[in-house]
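Here's the letter readout for the chains.
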Amino acid sequence: MDDLIDVQVVNEGNIYLFNLLTDNAKEWVHANVEDPQFWGKYALVVSHQFVGEVAAGMIQDGLTIH
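It should be emphasised that the depicted structure is a prediction, and the values quoted were computed from it without experimental measurement.

Cut-offs used in this document
- Residues numbered from 1 in each chain as written.
- Predicted model: local features only at pLDDT ≥ 70, side-chain atom pairs only at ≥ 80, totals over all residues.
- Heavy atoms only, no water.
- Pairing = 2+ DSSP bridges.
- Helix = DSSP H or I, 4+ residues; strand = E, 2+ residues; numbered from the N terminus.
- Phe/Tyr/Trp six-rings, centres within 6.5 Å; stacked < 30°, edge-to-face > 60°.
- Lys NZ or Arg CZ within 6 Å of the ring centre and 35° of its normal.

A. Local environment of the pairing of strand 1 (residues 7-11). Sheet analysis places strand 1 next to strand 2 (residues 15-20), joined by five bridges and oriented antiparallel. Each bridged residue has a counterpart across the sheet, and for Val-7 the counterpart in strand 2 is Leu-20. Hairpin connection of strand 1 to strand 2: three residues between the antiparallel strands, including Gly-13 at a positive phi of 100 degrees.

As structure tokens, this is what we get:
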């Protein structure tokens, strides 16, 4: 399914929440993010200064973000 979104990014001010919507997204975080912090069960918390780096890595590895 081409319309599948792996990650939905939400701007919360100084932090962004990367809502991990697929197993591929969850696996990517555990393989690529050192000491990930979560809000709830599947929302990766990312400080504003690292948003571009995390998003670029996800896209480079084939994840779809919105």
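B. Fine view of the packing of aromatic side chains. Counted under the stated rule, the structure contains zero aromatic pairs. Residue placement shows Lys-26 over the ring face of Tyr-42; its charged tip is 3.7 Å from the ring centre.

It is worth stressing that arrangement in space is one thing and function is another; only the former is reported here.
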